[in-house]
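# Structural overview for review
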Amino acid sequence: MTDAPISFVPTGDTGRQLRDAFGRFATGVTVVTAQGPDGPSAITANSFASVSLDPALVLWSPSRTSRRFDLFTNVTHYAIHVLAADQHDLCWSVAKDRQGFDMDTLGRNENGVPILADCLARFDCARYAVHDGGDHAIVVGQILRATYRSGTPLAFYGGKMVRLSEEDLS
Ligand SMILES: Cc1cc2nc3c(=O)[nH]c(=O)nc-3n(C[C@H](O)[C@H](O)[C@H](O)COP(=O)(O)O)c2cc1C
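We now turn to the structure provided with this report.

The rules behind each value
- Residues numbered from 1 in each chain as written.
- Predicted model: local features only at pLDDT ≥ 70, side-chain atom pairs only at ≥ 80, totals over all residues.
- Heavy atoms only, no water.
- 1 Å grid on protein atoms, 1.4 Å probe; cavity = no way out; pocket = protein on both sides within 12 Å on 5 of 7 lines; lining within 4 Å.
- Points joined across faces, edges and corners; volume = space filled by probe spheres on them.
- Helix = DSSP H or I, 4+ residues; strand = E, 2+ residues; numbered from the N terminus.
- Nonpolar A, V, L, I, M, F, W, Y, C, P; charged D, E, K, R; others polar.
- Near = heavy atom within 4 Å.
- Polar contact = N/O pair within 3.5 Å; in protein donor to acceptor, adjacent residues only side chain to side chain.
- Areas by Shrake-Rupley, 256 points an atom, 1.4 Å probe, with all protein chains shown as cover.
- Sits in = over half its atoms within 2 Å of the grid points.

### Describing the layout of surface pockets
Roughly 1,600 Å³ of internal volume is contained in the largest pocket. As for the largest pocket, its lining consists of 46 residues, of which Arg19, Asn46, Ser47, His136 and Phe156 are closest to the centre. Take the lining of the largest pocket: its biggest share by element is six residues, from helix α1 (residues 15-22). Its residues assigned to classes, the lining of the largest pocket shows 20 nonpolar, 19 polar and seven charged. The volume enclosed by the second largest pocket comes to roughly 200 Å³. Across the lining of the second largest pocket, the residue classes break down as five nonpolar, one polar and three charged.

Okay, here's the thing in structure tokens:
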């Protein structure tokens, strides 16, 4: 049996319910990296989405309340890493600390952007547009290079990391 659905009109007081409703949408998890004035910086983001094939565009949404907002809305180049299932520690450490990754294994792409090893996919981006998105911004990037491998993705659902079943429904 399923619980009765919860229905509400979003107001200033329904933030918790709105988060819970958003959390019904299962996503992958990405880490976005950029070179800041004081070194490499990263942020965990599940707001990533593909946008356009030609031109090749993707988006993600940094929160205006983040201390990392100014950096990630102003940089001209950044990299979006799609995390593999075994990278959940990286997801949480970067969520807590903008330098919560292993500096020793950090690489650089053609534009000098810091890049992380062992991700499932990476999109090396150039700033294309930044749009208003309420208490977030919508950052659209043009993909300069895409890199990917086979493997199991890290998934996020209901505020938690979840394991994707390999069972195929189609
Ligand atoms: C799974 C997950 C997804 C997240 N997605 C986003 C996101 O899309 N946009 C965002 O601004 N912050 C997102 N965050 C929060 C940031 O990673 C980070 O925790 C937050 O910016 C910390 O605050 P600070 O930047 O002020 O240090 C996410 C965190 C987690 C754990």
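### Things to note about the site of the ligand
Near the ligand there are 15 residues, and of these Thr44, Ser47, Ser63, Ser66 and Arg67 occur at the shortest range. The contact in question runs from a nitrogen atom of the ligand to an N or O atom on the backbone of Asn46, over 3.0 Å. Separating an oxygen atom of the ligand from a side-chain N or O atom of Arg67 is a distance of 2.7 Å. In the complex, 80% of the free accessible area of the ligand, which totals 640 Å², lies under the protein chains. Taking a 2 Å distance to the grid points as the criterion, the majority of the atoms of the ligand fall inside the largest pocket. Mapped by element, the contributors of at least two residues to the shell around the ligand are β3 (39-45) and α3 (88-96). In terms of residue count, β3 provides more of the shell around the ligand than any other element does, three residues in total. Taken together, the residues of the shell around the ligand sort by class into seven nonpolar, six polar and two charged.

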